[in-house]
Structures are given as structure tokens and as C-alpha cells.
Protein chains: 4
Amino acid sequence: MLTIKRLSLELAELLVEGAKQRATEIGVPMCISVVDESGTPITFTRMNGGKVTSATIALDKAYTAAAARKATHEYNHACVPGNLAFGIHTEVGGRLSTVGGGLPVAIDGDIVGGIGISSGTPDQDMDCAQAGIDHLNSALQARS
Amino acid sequence: MLTIKRLSLELAELLVEGAKQRATEIGVPMCISVVDESGTPITFTRMNGGKVTSATIALDKAYTAAAARKATHEYNHACVPGNLAFGIHTEVGGRLSTVGGGLPVAIDGDIVGGIGISSGTPDQDMDCAQAGIDHLNSALQARS
Amino acid sequence: MLTIKRLSLELAELLVEGAKQRATEIGVPMCISVVDESGTPITFTRMNGGKVTSATIALDKAYTAAAARKATHEYNHACVPGNLAFGIHTEVGGRLSTVGGGLPVAIDGDIVGGIGISSGTPDQDMDCAQAGIDHLNSALQARS
Amino acid sequence: MLTIKRLSLELAELLVEGAKQRATEIGVPMCISVVDESGTPITFTRMNGGKVTSATIALDKAYTAAAARKATHEYNHACVPGNLAFGIHTEVGGRLSTVGGGLPVAIDGDIVGGIGISSGTPDQDMDCAQAGIDHLNSALQARS
């Protein structure tokens, strides 16, 4: 029997809160998706003005980061012609995202979910995804 | 040029809040999706324990209700073998939902979005979708 | 070698013109799709206020009528549980439509394309599809 | 509540008219798609001889330009191996197009839709898309 640690909705909302605060600071309305360790959506927010395409892209970034347990920008670095990982960006029906902005969410060494951000540049998306994780970690530390 | 009214994130979150309260009352953890008038996701919440399949079903119910401007249970009533609308449930790549639980959201006579609920029975899903709309309307009336 | 007769854009636009006139008369803004004998789109019009879902449904109705050379309402009549054709509505990835509103377009006994209408009731959609064909036929007779 | 500006069918037809004139001048029968600000189709024209594949490609270019508010050739420039945006061309189920020929349509600073052209070289497609926008702008200026 396996026992799985999974993000709760409450913790997922902390990820969104942190990402949204950072998106507001940099002035880019973002699509923010959080999924559990199986890649199933927990919560999603499209800030007013977030791009239509980004609703799907944010979900796919979160899905990739959680389900493959790897940041999408790490896949990006590996997905270069000539490298044996090249082509990974078209796998899983195209859902595997190699665009920066998806991060796995780890708690006590376990990957319990993923966060994906889209609407800005990849750097902006990565920045907001990290802000979500930082905000979650701060809240968890304050509780312990 | 056309001028369109669209749900804001703030109003969408009121829909979720109302649906979530009702879901908690009846003890069924729901997936709750809210989309804009074109069917693009605005916000999504899977309460702890909400079904995996329902993440997609809630979205498709909200999409149908907003983009076709009709409650999914109304399509259900029309989608009976022998009726000329039969088969509508497999349209739009299967995204058009005829399962109760999707309602269009109207403000001042304009359909500005849709709400879709899934994880319970269709009756429970419809109940929670209506609770979301009631909660939104109460908040709007209190403001005016 | 085969020689195929195919709707030209000019004739396709006559189909749209006739359907649009009828839609205006009955006060229902329609999505109107015309495809060639292979089911490939020739022209599409979403009247202001036409439903979002109907953009896809109109195309699938036109596709079905042309590519299967049968009106969608004829498939509807056959698609009843217990009948051997039941289930046809989920074929071709769900693109085969059994909802009234798709008609094959025949000229001199050859099926050269199809027209599909969506946004109203199936009866309204069928009415406007027929109006498109009547308008095309009138124009062709006036020329001959 | 948000208030959104959206292309009307009448303005969309001006885009098609301008693109079609330019396509005729350069002797390339084009597929021409116009969508609204959410990426929903408004109108489509396949000139006699337009490519079958291009019916879908034109739509995806218009969808991308409107829904992501960026010209497809700009995505093309960013989608280079080693760049963090690489892989974007397979996102949204492959619908996000990085092939030149899709342009957002802006009126008074608002992106109200998109135009996508396909059947020629990317340069020809871009040329005709721009011709559509120029034609629309000329018509709007003549009215004001």
C-alpha cells in the first residue's frame, strides 16, 4: 500500500495568493494553475486581462511540473535538437510543456503538486510561480 | 464594433463562494468551474475530495451553459432519442454537456458567463450551481 | 481518373446569403458553415450574437451532410436505440452530427458540398439551411 | 463586471475583403480566417484553390493572434531552441501557431480580434493579413 502526500485546497490557495501578489506587483495579469501530485487541477485563477491561450498553457505547465516532477524550464534546457530529450515538448498529446513557468511543489522532500503560470514572458511566469512557492513556504514555516 | 459584458474575477469568486457553501452544507466536496461569456475559464476550485473526472466535467458544464446560453439540464430534456436535438451531447468534441449542473450567469439580461458543478448527483450539482448564482445576486443587490 | 464537381466560393456565398436572409427574418443570429464535397470548409459566417458552441456545431453539420451525403436530420431519425445505426452520433471523433440543420447541396444530381446551421432550435436551423439551398437554386435557374 | 470590445461581423468582413484583394493581386488563393477577441470564429473564406490544410492553419493563426494578443511571427522569433519560450508551438493542443500570417486586430488600443491567413509562403500570408488590417483601418478612418 502507498501513502501519498497531496496538496490540499487550502495550501493550493496560498500558492495562488503568492503568485497573484507578485503578478500585481509587476503589472501582468496572469493565469495561475495549481494541480496535485497526479496532475489533476485543484485551483485556477485568471486575473482580469489574463490571456485566453494561457488558461490552457498554465494548466499544462502545472501538469508537467507535478506529473513529471520537473520544472518546465529544466525540460526546456534539455529540449534542444541533438540532445536525446529533444521532442519531449510534443509528448502526452502536446500537454508536456517546455516553456518556463511551471514548478513542482515540494513539501518535506515530497512533490505534492505543481504550479503553472502563463500570460507574461517565461521569465515573468517563472518569477510568479516562484513567488507562489515562497509564499506557501513562509506560511508553512510560520505555522511550525 | 460590439460591446460585450463579461464576468470579472471578483464576481466569479462570489459564484464559487456560494456554491462552496452549499456543497459544504450538503456534505459533498464539489468541483466548481466558472467561465466567461465565451467559455474561457475564469476560476476553478476542486474541494478536498472532489472527483478527478469532475475537474473536466465541471468545466464542460460551465462552458456549455455560457457558450450556448442554456442550462445543461435544458439540453438534457431535449436530448432524447427521436428528438431532432438528439446527439447534441457528443458535439464540440464531446465538450457540450447535457448533464445537469451547468447554468448560464445573467446580469441585467446579458449572459456574462457560466457556472458548472460536478462530483455529486445531477440534482446536487444543480443545487450548488443555483446557490452560487443566488449568492452572486444577493451580493449585487446589497451593492446597489 | 475521376472528375469531381465542387462548390465554388461564389456559389457557397449564395448559400450563406440565403440562410442569412432567413435568419434575419426569424430573428435568430445564426452560425452558417458551407463545406465542399470532401467536407473541407469553404466559408463560414457567425452573425452578431451567434452562439460560441455553434461555430463548431455548424461546421460539423455541414461536414456530415457533405461528407456522408445525407441530411443530419435523416441520421437523427435513424439514430434511435435498438436501430442498427444507433451510435453513429459519436463516430468520426464525434464530428458526425445527428442534430437537424445540416443539408447536402446537390447540383444536377451531384452532391457538391454541404451547409450547416446552428444557434436556433433544430427546426429553425433546418429552415435556414433550406433557405440557403433555395436561394442558390433560384440564382442558378435565373442564370440558365 | 468587465466591458469588452469585440469585432462585429461587418468589420470582420472588411478584413477579409482587404486580404482577398491582396491575395488576388499576388495570385495566391488564400484561406482567410477572422476571430473575435476570445478566439471564436467570426468569418472564414477559402478562395477557390486554397489549400485544405490551410483551412485549419488560418483558423489557428487567427486564434493565436487574438487569444494571445501577439502576432504569430513574433512567437516564431521567440520559439528557438535554447530560448525559454521554445515549445510554445505545440501548446493548446497544437493550436498555438508560430507560423507567420496571424495578426491581432487592434482598434483604439484594444485587441478586438485576430486575422489568420494560410496557403502561401509565410511572407505572403503576413502580407495579406496586413492588407486586411490596412483595409479595415482605411474604412474606419473614412467613417470618422
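Use the structure listed above.
Residues numbered from 1 in each chain as written. Chains lettered and ligands numbered in written order. Predicted model: local features only at pLDDT ≥ 70, side-chain atom pairs only at ≥ 80, totals over all residues. Heavy atoms only, no water.

As a further point, take the overall build of chain A. Of the regular secondary structure elements, chain A holds four helices and four strands. Helices and strands in chain A line up, N terminus first, as α-β-β-α-α-β-β-α. For a compact globule of 144 residues, the expected C-alpha radius of gyration is about 15 Å, and chain A comes in at 14 Å, within 12% of that figure. Counting across all 144 residues of chain A, residues that qualify as buried make up 56%. Considering only contacts within chain A whose residues lie at least 6 apart along the sequence, 66% involve residues at least 24 apart. Here chain A displays about 6000 Å² of accessible surface, and carbon together with sulfur accounts for 52% of that area. Here chain A contributes 11 positive and 15 negative side-chain charges, whose respective centroids are spaced 3 Å apart. (Helix = DSSP H or I, 4+ residues; strand = E, 2+ residues; numbered from the N terminus. Rg over C-alpha atoms; globule rule 2.2 N^0.38 Å. Buried < 20%, exposed > 50% of the residue type's maximum accessible area, 1.4 Å probe, protein only. Contact = heavy atoms within 4.5 Å. Areas by Shrake-Rupley, 256 points an atom, 1.4 Å probe, with all protein chains shown as cover. Lys, Arg positive; Asp, Glu negative; His and termini not counted. Charge placed at Lys NZ, Arg CZ, Asp CG, Glu CD.)

Once that is clear, we can look at the relation of the copies chain A and chain D. Once chain A is rotated about the relating axis by 93° and shifted along it by 0.2 Å, it coincides with chain D to within an RMSD of 0.1 Å. Such a turn and shift between the copies fits a four-fold axis. When C-alpha positions in chain A are compared against the rotation axis, the closest is assigned to A:Thr90, at 4.1 Å. A distinct binding surface is used by each copy, with only 15% of the interface residues of chain A retained as interface residues in chain D. (Least-squares fit on C-alpha atoms with pLDDT ≥ 70 in both.)

You can overlay chain C on chain B at an RMSD of 0.1 Å; the transform is a turn of 93° with a shift of 0.1 Å along its axis. Residue by residue, only 15% of the interface of chain C is reproduced at the interface of chain B, so the copies engage with different surfaces.

So, about the interface of chain C and chain B. The partner chain B presents 22 residues to the 26 residues of chain C that form the contact. Linking chain C with chain B are zero salt bridges, by the criterion used here. Across the contact surface, chain C and chain B share 10 residue pairs in polar contact (both at pLDDT 80 or more). Broken down by secondary-structure element, the contributors of at least two residues to the side of chain C that touches chain B are α2 (52–67), α3 (72–78) and α4 (122–143) of chain C. Ranked by residues supplied to the side of chain C that touches chain B, first place goes to α2(C) with five residues. Taken together, the residues of the side of chain C that touches chain B sort by class into nine nonpolar, 14 polar and three charged. (Salt bridge = Lys/Arg side-chain N within 4 Å of Asp/Glu carboxyl O. Polar contact = N/O pair within 3.5 Å; in protein donor to acceptor, adjacent residues only side chain to side chain. Nonpolar A, V, L, I, M, F, W, Y, C, P; charged D, E, K, R; others polar.)

Bringing the sheet that holds strand β1 (residues 31–36) of chain C into the picture now. Read across the sheet, eight strands follow the order β3(C)-β4(C)-β1(C)-β2(C)-β3(D)-β2(D)-β5(D)-β4(D) without closing on themselves; strand pairing throughout is antiparallel. What marks the edges here is a single partner per strand, and that holds for β3 (102–107) of chain C together with β4 (102–107) of chain D. The sheet shows a mean angle of 20° between the axes of neighbouring strands, taken without regard to direction. The sheet contacts of α4(C) involve β3 and β4 (110–118) of chain C, and relative to β3(C) the element is tilted by about 15°. (Pairing = 2+ DSSP bridges. Axes fitted to C-alpha atoms, helices over the stretch in contact; angles between N-to-C directions.)

Accessible area lost on assembly of the parts is the figure often given for the size of an interface. Across the contact, 26 residues belong to chain A and 22 residues belong to chain D. The junction of chain A with chain D conceals about 1800 Å² of combined surface from both sides, 61% of it contributed by carbon and sulfur atoms. Summed over the shared surface of chain A and chain D, the result is zero salt bridges. The interface formed by chain A and chain D contains 10 residue pairs in polar contact (both at pLDDT 80 or more). Elements with a contribution of two residues or more to the side of chain A that touches chain D: α2 (52–67), α3 (72–78) and α4 (122–143) of chain A. Among the residues forming the side of chain A that touches chain D, the class breakdown is nine nonpolar, 14 polar and three charged. (Buried area = accessible area lost by both parts, 1.4 Å probe.)

Take the sheet that holds strand β2 (residues 31–36) of chain B next. Read across the sheet, eight strands follow the order β3(A)-β4(A)-β1(A)-β2(A)-β3(B)-β2(B)-β5(B)-β4(B) without closing on themselves; strand pairing throughout is antiparallel. Edge positions in the sheet fall to β3 (102–107) of chain A together with β4 (102–107) of chain B, since each has one partner strand and no second. Within the sheet, the average angular offset between the axes of one strand and its neighbour, ignoring direction, is 20°. Two elements, β4(B) and strand β5 (residues 110–118) of chain B, share six bridges in a ladder whose sense is antiparallel. By the bridge assignment, B:Leu103 is partnered in β5(B) with B:Ile115. Here α2(A) sits on the sheet and contacts β1 (31–36), β2 (41–46), β3 and β4 (110–118) of chain A together with β3 (41–46) of chain B; the angle it forms with β4(A), its principal contact strand, is near 155°. Where α4(A) meets the sheet, it contacts β3 and β4 of chain A, and its direction lies at approximately 15° from that of β3(A).

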